[in-house]
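In case you want the letters, here they are:
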Amino acid sequence: MRTGIAITVSASDRRRLEALVRDRNATQKHAWRAEIVLLSADGIGTNEIMRRTGKSKTCVWRWQERFMEEGFDGLLRDKTRPSRVAPLGADVADRIVALTLTDPPRETTHWTGALMAKAVGVSVSSVQRIWRAHGLQPHRVRQFKLSNDPKFVDKLRDVVGLYVDPPAHAIVLSVDEKSQIQALDRTQPGLPLKKGRAGTMTHDYKRHGTTTLFAALNILDGKVIGRNMQRHRHQEFIRFLNAIEAEVPAGKVVHVILDNYAAHKHPKVRQWLDRNPRWTFHFTPTSASWLNAVEGFFAILTKRRLKRGVFRSVVDLQAAINRFLEEHNVEARPFTWTADPDKIIAAVRRGHQALDSIH
């Protein structure tokens, strides 16, 4: 041991040091540091400590001094070392943020990490780290559509009122059409899913025709009345209304929520409404078909049955849709509206204000 070095270990510290050395789950660097201190406290010389621990002389001296200065806790902490690369200054981060909020140079639509790194003269990882810190994602874009309907508020409250508090002795139906559903057959059979490999599907396809699904979602029980038809006109819409009329119990008032598609407002459709006084149409605001609950069902149908489906004919496609409707109705649940209409109205007004400030 060096001259002038005297390590005194208290009883409590010795118990902690010995426990650390015996602990098989302890970090190894902490264990050999504790062993150096214990050997030093027992009066073992530096050369013998080096032999037993396999550490250099400077290493032994360092941890002897660390224990004398900071005690047991000092053995568990590594001193911070300066980075080999100087950290970026705040001005660099401010410049990257400012450039990200502007249009990129040349014929590109948005900034990429490589493009920004080249423009500023830093690494791509530095650019990405600064973007994460400031919540910037220039590679993403969110789509939107603001309704310009002058009666937006009245129509919104009318539709939401039907969802939240439907009239007594009435049925509320959300009606729409999913048109141009393609019967797509792949050019080659794909491989199934297996461990370590995703399922495969060819990018090209054979198109065998299309169909249109007319659907009416019952808000009260979540069941869907659906019919497949070849075309998407007012004649088919009236046929679908007749199909609903045949299934709805007599004596029930029917409130229908639907969008502003031309076939829904055709004069022949209005004449049909005059002949069926128990029916009432409630139109969603213009460019606000998201307010129609049946759109959620269409999204589920597309994601779970149509997107990866293989159909060799329109008949196969229609049969698959009908089977999906049957399975859906077995486990159907009532539709529940949760959004606050006041917040929707406020968001639309903020959107219009933002557009007005730009234009």
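Residues numbered from 1 in each chain as written. Predicted model: local features only at pLDDT ≥ 70, side-chain atom pairs only at ≥ 80, totals over all residues. Heavy atoms only, no water.

## A look at the overall build of the protein chain
Here's step 1: When its secondary structure is counted, the protein chain shows 13 helices and five strands.
Here's step 2: What you see for the protein chain is a C-alpha radius of gyration of 36 Å, clearly larger than the 21 Å of a compact globule of 359 residues, by over 25%.
Here's step 3: Projected onto its principal axes, the C-alpha coordinates of the protein chain cover approximately 110 × 50 × 50 Å.
Here's step 4: Every one of the 359 residues in the protein chain was classed for burial, and the buried ones make up 39%.
Here's step 5: Long-range contacts, defined here as pairs at least 24 residues apart, represent 67% of the contacts in the protein chain between residues at least 6 apart.
Here's step 6: When the accessible surface of the protein chain is split by element, carbon and sulfur atoms take 51% of a total near 22,600 Å². (Helix = DSSP H or I, 4+ residues; strand = E, 2+ residues; numbered from the N terminus. Rg over C-alpha atoms; globule rule 2.2 N^0.38 Å. Buried < 20%, exposed > 50% of the residue type's maximum accessible area, 1.4 Å probe, protein only. Contact = heavy atoms within 4.5 Å. Areas by Shrake-Rupley, 256 points an atom, 1.4 Å probe, with all protein chains shown as cover.)

## Some thoughts on helix α12 (residues 314–330)
Here's step 1: With 17 residues, α12 extends 25 Å between its outermost C-alpha atoms, agreeing within 8% with the 24 Å of an ideal straight helix rising 1.5 Å per residue.
Here's step 2: When we look at burial in α12, the residues that qualify are V314, L317, Q318, A320, I321, F324 and L325. Here the buried residues of α12 occupy an arc of 160° about the axis, which is enough to place them on one side. Of the residues in α12, the exposed ones pointing more than 90 degrees away from the buried face are V315, E326, E327 and V330.
Here's step 3: Looking at the buried side of α12, the elements it contacts are β1 (170–186), β2 (205–218), β3 (224–229) and α11 (294–306). (Expected span 1.5 Å × (residues − 1). Arc of directions from axis to C-beta.)

## Things to note about the packing of α11 against α12
Here's step 1: Two elements in contact, α11 and α12, have axes whose closest approach is 11 Å; the angle formed by their N-to-C orientations is 120°. Judged by the angle between their axes, α11 and α12 are oblique. Helix-helix and strand crossings are classified by hand; for α11 and α12 the assignment is right-handed. The segment α11 lies against α12, with F297, I300, L301, R304, R305 and L306 engaging L317, A320, I321, R323, F324, L325 and H328.
Here's step 2: Class assignment of the residues belonging to the contact of α11 with α12 gives a composition of nine nonpolar, one polar and three charged. (Axes fitted to C-alpha atoms, helices over the stretch in contact; angles between N-to-C directions. Parallel < 35°, antiparallel > 145°, perpendicular 65-115°, else oblique. Left-handed = near helix turned anticlockwise from the far one by under 90°. Nonpolar A, V, L, I, M, F, W, Y, C, P; charged D, E, K, R; others polar.)

## Here we look at unusual backbone geometry
Here's step 1: One non-glycine residue, H169, adopts positive backbone phi at about 55°.
Here's step 2: Phi is positive for Q180, which is not a glycine, with a value near 55°.
Here's step 3: Positionally, Q180 belongs in strand β1.
Here's step 4: For Q180, a relative accessible area of 53% puts it in the exposed group.

## Observations concerning the layout of surface pockets
Here's step 1: Of the volumes computed, that of the largest pocket is approximately 440 Å³.
Here's step 2: Taken together, 16 residues form the lining of the largest pocket, with I300, H328, E331, A332 and R333 sitting closest to its centre.
Here's step 3: Mapped onto the lining of the largest pocket, the elements with two or more residues apiece are α11 and α12.
Here's step 4: Considering each element in turn, the lining of the largest pocket owes the most residues, four residues, to α11.
Here's step 5: Counted by class, the lining of the largest pocket contains eight nonpolar, four polar and four charged residues. (1 Å grid on protein atoms, 1.4 Å probe; cavity = no way out; pocket = protein on both sides within 12 Å on 5 of 7 lines; lining within 4 Å. Points joined across faces, edges and corners; volume = space filled by probe spheres on them.)

## Concerning the pattern of salt bridges
Here's step 1: Evaluation of the coordinates by the stated rule reveals 13 salt bridges.
Here's step 2: A salt bridge links E18 to R14; its shortest N-O distance comes to 3.8 Å. Here E18 and its partner R14 are both found in helix α1 (residues 11–22), four residues apart, which amounts to about one turn of the helix. (Salt bridge = Lys/Arg side-chain N within 4 Å of Asp/Glu carboxyl O.)

## Considerations on the environment of A170
Here's step 1: Mapped onto the fold, A170 is located in strand β1.
Here's step 2: In this structure A170 comes out as buried when scored by relative accessible area, which is 6%.
Here's step 3: Sequence-wise, A170 and S40 are 130 residues apart; in three dimensions their C-alpha atoms are separated by 89 Å.
Here's step 4: Once you skip the residues sitting within four places of it in the chain, A170 turns out to touch L220, K252, V253 and H255.

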